Amino acid sequence: MTGGPNFFEEICKVLRRILVSIGLAIVFGTAGAVAQTILPDPVKGVEVEMGTQAGLEAWVQDFRPRALAAGVPAATFDQAMRGVEFNPKVVERDRNQNEFTKTIWDYLDTAVSEDRVALGIKALEKNRALLERIEAEYGVEKEVVAAVWGLESAYGTYRGDLPVLGSLATLAYEGRRGAFFEAELIAALKIVDGGHVESFTGSWAGASGHTQFMPSSWEKFAVDFDGDGKRNLWGDDPADALASTANYLRHWGWQTGMPWGFEVKLPEGFDYEQTTERVVKPVAEWQAMGVRTASGGDLPDPGPGSSLLPGGARGAAFLIFPNFQVIEKYNTADAYIIGIGHLADRIKGGPAIAGTWPRELRALTLEERVELQGLLGRAGFDPGGVDGRMGPKTIAAVKAFQKARGLIPDGYPSLEVLGLLR
Ligand code: CA
């Protein structure tokens, strides 16, 4: 869900997003923005003492003056927080999120399954007038808004059924990133205070509604598109939620009519050191290097872009453009961004990804990622930290190591690379 200004590392990305299969999004809690903010530090231990209901209730009393000072009316606070329950499962999810690791191809199999594409086409037909009005007002294509809806809640089907106030209070009380969740809880109480929501349920991390907004994103970006005076992202009518999503994307710079990216074919002998978001070139340069569309044609020219190989040199390749970075504001995982973009393309009638994936590879476990970083550092390739996150520095270190060993420097953290480092 939307959320956050924070940027995440690619891994987290991959991890989290992972879940988005129908229903999973919710479980995962990320539907979007939130996820990024809630990713736990993957390396820190998991053996922390668990809170209790009594502890939560004491915390609520301690929290009360801060909420009131932040503008939550006392009556609202007392009524809304009465009976809020400590939820140990929320804490567990928060701590263990990184155990869920998927490769991009496994992720995309669910995120852009034929079912989700077909349901997306149906959802778009059913809501065409609404989505067209949203497109006209916010400049975000209807297929893109539909794709976010599709990944975040399976087009409104799985919006999450955990009490948002309980989840946020549990996470705020529990301590890890407590300040972040306390701020979210205050925003949630303002939603309640304004009477915007009837049934306030969502994911374990407090993202909720059709497009899984965090409360702070609701504050900043939610709109009352149906004009009933409420910014209601939770009811059966998705109008406010979908318009809010478009508003969010517009705010972050969505360029109407421009692609997020598209699949390409790389030539023999391609310089794989160029495959990073950090290298941006005019399309004419990519074309001159021999890059072509997936079907072998000349490249269209939407302006400067980068090449991206989310599954390494043996997987599908993409050129990506500024709208890619806009979707990234929803969720930083490359897999998620490609999932949204590709689902939108499919809903629009575009083809499936043509390239194959190295499906025999499995994702590295958290322990293996940490080991990989440690070994890279010892071998003289600075991974930028040993935290299990495959961020830009770790990927650059993998590339440098691959190059030194005479391998294709695609930066993909495979078991093979780990084996060579050992
Ligand atoms: Ca409304």
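Residues numbered from 1 in each chain as written. Predicted model: local features only at pLDDT ≥ 70, side-chain atom pairs only at ≥ 80, totals over all residues. Heavy atoms only, no water.

Participant: Any details on the overall build of the protein? Residues and values, ideally.
Facilitator: A count of helices and strands for the protein gives 20 helices and 6 strands. Expressed as a percentage of its 422 residues, the buried residues of the protein come to 58%. Nonlocal contacts in the protein, meaning residues at least 24 apart in sequence, comprise 72% of its contacts between residues at least 6 apart. (Helix = DSSP H or I, 4+ residues; strand = E, 2+ residues; numbered from the N terminus. Buried < 20%, exposed > 50% of the residue type's maximum accessible area, 1.4 Å probe, protein only. Contact = heavy atoms within 4.5 Å.)

Participant: Outline the side chain of Arg116, supporting the account with residue identities and numerical values.
Facilitator: Here Arg116 lies in helix H8 (residues 114–126). Buried and without a salt bridge, Arg116 has Glu152 as its closest oppositely charged side chain, separated by 8.6 Å. Within polar-contact distance, the side chain of Arg116 engages the backbone oxygen of Thr110 at 3.3 Å. A distance of 2.7 Å separates the side chain of Arg116 from the backbone oxygen of Gly150, its partner in a polar contact. (Lys, Arg positive; Asp, Glu negative; His and termini not counted. Salt bridge = Lys/Arg side-chain N within 4 Å of Asp/Glu carboxyl O. Polar contact = N/O pair within 3.5 Å; in protein donor to acceptor, adjacent residues only side chain to side chain.)

Participant: Break down the coordination of the calcium ion for me, citing the residues and quoting the values.
Facilitator: At the metal site, the calcium ion is ligated by Asp224 (OD), Asp226 (OD), Asp228 (OD), Lys230 (O), Asp240 (OD) and Asp240 (OD), and these contacts range over 2.2 to 3.0 Å. Viewed at the metal, the 6 donor atoms of the calcium ion are separated by angles of 47 to 163°, and the geometry they form is irregular. Counting along the primary sequence, the residues that act as donors to the calcium ion give the motif D-x1-D-x1-D-x1-K-x9-D. (Donors = N, O, S within 2.8 Å, 3.2 Å for Na, K, Ca; no water. Tetrahedral: all angles 85-135°; square planar, octahedral: opposite > 155°, others 65-115°.)

Participant: If you had to explain the packing of H8 against helix H10 (residues 142–153) to someone new, which residues and values would you point to?
Facilitator: Packing of H8 against H10 brings their axes to within 10 Å, and their N-to-C directions diverge by 125°. One element, H8, and the other, H10, form an angle in the oblique class. The hand of the H8/H10 crossing is right-handed. Each of Arg116, Ala123 and Leu124 in H8 lies in contact with H10, whose residues at this interface are Lys142, Glu143, Trp149, Gly150 and Leu151. (Axes fitted to C-alpha atoms, helices over the stretch in contact; angles between N-to-C directions. Parallel < 35°, antiparallel > 145°, perpendicular 65-115°, else oblique. Left-handed = near helix turned anticlockwise from the far one by under 90°.)

Participant: Could you give an account of the pattern of salt bridges, naming the residues involved and the relevant values?
Facilitator: Counted under the stated rule, the structure contains 18 salt bridges. Glu285 is the partner of Lys281 in a salt bridge, and the nearest nitrogen-oxygen pair spans 3.9 Å. Take Lys281: its relative accessible area is 14%, and that puts it in the buried class. On the basis of relative accessibility, which here comes to 41%, the residue Glu285 falls in the partly exposed class. Put simply, Glu371 and Arg422 hold a salt bridge, and the shortest N to O gap is 2.8 Å. Of this pair, Glu371 sits in helix H18 (residues 366–378) while Arg422 sits in the segment after helix H20 (415–421), and the two are 51 residues apart along the sequence. When its relative accessible area of 29% is taken as the criterion, Glu371 is described as partly exposed.

Participant: Give me the lowdown on unusual backbone geometry, citing residues and values where you can.
Facilitator: In this structure, Ala154 is a non-glycine residue whose phi angle is positive, near 50°. One non-glycine residue, Gln212, adopts positive backbone phi at about 50°. Here Gln212 lies in the loop between strand S2 (201–202) and helix H13 (215–221). For Gln212, a relative accessible area of 0% puts it in the buried group.

Participant: Hey, could you go over the packing of aromatic side chains for me, with residue numbers and the actual values?
Facilitator: A full pass over the atoms with the stated rule returns 20 aromatic pairs. Ring geometry for Phe63 against Phe77: centres 5.6 Å apart, planes inclined by 50°, an arrangement best described as tilted. Note that Phe63 is positioned in helix H4 (residues 53–69) and Phe77 in helix H5 (residues 74–81), a separation of 14 residues in sequence. Taken individually, Phe63 and Phe77 each receive the classification buried, so the pair is uniform in this respect. Ring geometry for Trp260 and Phe318: centres 5.9 Å apart, planes at 45°, overall tilted. Remark: Phe318 occurs in strand S6 (residues 317–320) and Trp260 occurs in the loop between helix H14 (239–251) and strand S3 (261–265); sequence separation between them is 58 residues. Classification of Phe318 as buried rests on a relative accessible area of 2%. Each residue in the set Phe213, Phe221, Tyr248, Trp252 and Tyr330 is aromatic and connected to the rest through ring pairs, giving one cluster. When the ring centre of Trp218 is taken as reference, the NZ or CZ atom of Arg231 above it lies at 3.9 Å. (Phe/Tyr/Trp six-rings, centres within 6.5 Å; stacked < 30°, edge-to-face > 60°. Lys NZ or Arg CZ within 6 Å of the ring centre and 35° of its normal.)

Participant: Kindly report on the sheet that holds S3, identifying the contributing residues and their values.
Facilitator: Strand pairing in a sheet is mediated by backbone hydrogen bonds. Such pairs are either parallel or antiparallel. Pairing is antiparallel in the open sheet, where 4 strands are placed in the order S4-S3-S6-S5. This sheet does not close on itself; its edge strands, each paired only once, are strand S4 (292–293) and strand S5 (306–308). The sheet contact formed by S5 and S6 spans 3 bridges and is antiparallel. Following the sheet pairing, Ser306 is matched in S6 by Ile320. (Pairing = 2+ DSSP bridges.)

Participant: Residues and numbers for helix H9 (residues 128–138), please.
Facilitator: Looking only at H9, the buried set comprises Leu130, Leu131, Ile134 and Tyr138. The buried side chains of H9 occupy one side of the element, clustering within an arc of 95° when seen end-on. Facing away from the buried side of H9 by over 90 degrees, the exposed positions are Ala129 and Ala136. Residues of H9 that are buried make contact with H8, H10 and H14. Trailing H9 by a residue or two, Gly139 shows a phi angle of about 75°, which is positive. (Arc of directions from axis to C-beta.)

Participant: Which residues make up the nonpolar core, and what values do they have?
Facilitator: Membership of the largest hydrophobic core comes to 90 residues, with the highest contact counts inside it found for Leu185, Leu189 and Tyr336. In terms of residue count, helix H17 (residues 334–347) provides more of this core than any other element does, 8 residues in total. Counting contributing residues per domain, this core is built from domain 1 (1–256) and domain 2 (261–347), each supplying no fewer than three. Those residues within four positions of Leu189 in sequence are excluded, and the remaining contacts are Phe63, Val72, Thr76, Phe77, Ala80, Met81 and Leu165. (Core = buried A, V, L, I, M, F, W, Y, C linked by side-chain atoms within 4.5 Å. Domains from an automatic or database assignment.)

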